[in-house]
Amino acid sequence: MRYLPIELDVQGREALVIGASAEVVPKVERLLAAGARVVVVAPGEVDPAIEAMAAEGRIDLERREPLADDASGKAIVFVATTEDGRAAPFHARGLAEGGLVCTLDRPELSTFVNPAVARAAGLTMTFATGGTSPGAVRRIREDLEALFGDPRFARFLEGLADLRARLPRGERAVRMAEAVEGFAVEAKLRFPAWVERGEVP
């Protein structure tokens, strides 16, 4: 395993996004949800969703060419694929200074890869292929969100949270283990025909 999975605390910290195309919108939304202060530097076209976030004061949008110094003091940097020609200085700076830089879909220009995230009923799941296939990861994320979107799962987690809050520390381990007995995840994998034939697409 080349990459170390972590969860990064960005609450109240600045994050830099280079480019404002539609592909960065989910990244910006995730940064905002995590409490980051987001600065978007956009030398080209700006997606309407980014425009709206800037108009609402949720992000700072700077319409200009990015500079490597823009990364100074930033907890994390994302570079849009449409701006990958501008990624090299940010990647070099990240390598030299130990900074977190991700050029979307370009692991060779990144100091980390951003895993896909599936969220449902308070459950957060992250997974990645090390940059091998963002498309496959997207399908997995969509299927898992549908699976765990079952309203019974939300009630299950709420019940566990309520139980845990009521139990004294010494009793939690045994009672919580008992409460999850009978819960299981059942799934089946399906593949394209070329996989079943043992071919390469």
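Thresholds, definitions, all that
- Residues numbered from 1 in each chain as written.
- Predicted model: local features only at pLDDT ≥ 70, side-chain atom pairs only at ≥ 80, totals over all residues.
- Heavy atoms only, no water.
- Helix = DSSP H or I, 4+ residues; strand = E, 2+ residues; numbered from the N terminus.
- Buried < 20%, exposed > 50% of the residue type's maximum accessible area, 1.4 Å probe, protein only.
- Contact = heavy atoms within 4.5 Å.
- Salt bridge = Lys/Arg side-chain N within 4 Å of Asp/Glu carboxyl O.
- 1 Å grid on protein atoms, 1.4 Å probe; cavity = no way out; pocket = protein on both sides within 12 Å on 5 of 7 lines; lining within 4 Å.
- Points joined across faces, edges and corners; volume = space filled by probe spheres on them.
- Nonpolar A, V, L, I, M, F, W, Y, C, P; charged D, E, K, R; others polar.
- Pairing = 2+ DSSP bridges.
- Axes fitted to C-alpha atoms, helices over the stretch in contact; angles between N-to-C directions.
- Expected span 1.5 Å × (residues − 1).
- Arc of directions from axis to C-beta.
- Parallel < 35°, antiparallel > 145°, perpendicular 65-115°, else oblique.
- Left-handed = near helix turned anticlockwise from the far one by under 90°.

## Topic: the side chain of His91
Relative to the helices and strands, His91 resides in helix α3 (residues 88-97). Taking the relative accessible area as the measure of exposure, His91 reaches 13% and is therefore buried. Contact partners of His91, with chain neighbours within four places excluded, come to Val101, Glu108, Leu109, Ser110 and Thr111.

## What about the pattern of salt bridges?
Counting across every chain of the model gives 16 salt bridges. As a salt-bridge pair, Arg37 and Glu14 come within 3.5 Å of each other at their nearest N and O atoms. Pair noted here: Arg37 is in strand β2 (residues 37-46) and Glu14 is in strand β1 (residues 14-20), with a separation of 23 residues, a long-range link. Looking at Arg37, the relative accessible area reads 46%, which means it is partly exposed.

## Here we look at the layout of surface pockets
Of the pockets and cavities examined, the largest pocket occupies roughly 870 Å³. In terms of lining residues, the largest pocket is bounded by 27 residues, among which Ile6, Glu7, Leu8, Asn114 and Pro115 are the most central. Sorting the residues of the lining of the largest pocket by element identifies α1 (25-33), β4 (76-79), β6 (116-120) and β7 (123-127) as the ones contributing at least two each. Tallying contributions element by element places α1 first for the lining of the largest pocket, with four residues. The residue makeup of the lining of the largest pocket, split by class, is 19 nonpolar, four polar and four charged.

## Points about the sheet that holds β4
Either a parallel or an antiparallel arrangement is found when strands of a sheet pair, and the pairing is made through backbone hydrogen bonds. Taken in spatial order, the five strands line up as β3-β2-β1-β4-β5 in an open sheet, and their pairing is parallel. Bordering the open sheet on either side are β3 (60-62) and β5 (101-103), each of which pairs with just one other strand. For this sheet the average axis-to-axis angle between neighbouring strands, irrespective of direction, equals 15°. Each of β1, β2 and β4 is contacted by α1, which is oriented at about 165° to β2, the strand it contacts most.

## Focus: helix α5 (residues 151-166)
With 16 residues, α5 ought to run about 22 Å at 1.5 Å a step, and its terminal C-alpha atoms sit 23 Å apart, in line with that. Considered for burial, the residues of α5 that qualify are Phe153, Leu160 and Leu163. The arc that holds the buried residues of α5, viewed along the axis, is 90°, so those residues lie on one side. Of the exposed residues in α5, those oriented more than 90 degrees away from the buried face are Pro151, Arg155, Glu158, Ala165 and Arg166. Looking at the buried side of α5, the elements it contacts are β6, β7, α4 (134-148) and α6 (169-179).

## Notes on the pairing of β1
Counted residue by residue, β1 has six buried out of seven residues, so it is predominantly covered. Across four bridges, the pairing between β1 and β4 is parallel. The partner of Ile18 across the bridge, within β4, is Val79.

## Here we look at the packing of α5 against α6
In a packed pair of helices, the relevant descriptors are the angle between the two axes and the axis-to-axis distance. Where α5 meets α6, the axes come as close as 10 Å, and the angle between the chain directions of the two elements is 160°. Classed by the angle they form, the pair α5 and α6 counts as roughly antiparallel. The way α5 lies across α6 gives a crossing that is right-handed. Contacts between α5 and α6 involve Phe156, Leu160, Leu163 and Arg164 from the former and Arg172, Arg175, Met176 and Ala179 from the latter.

## Some thoughts on the environment of Arg30
Among the secondary structure elements, Arg30 is positioned in helix α1. Residues Arg30 and Ala128, spaced 98 residues apart in sequence, show a C-alpha to C-alpha distance of 16 Å. Sequence-distant contacts of Arg30, defined by excluding residues within four places in its chain, comprise Asn114, Pro115, Val117 and Arg119.

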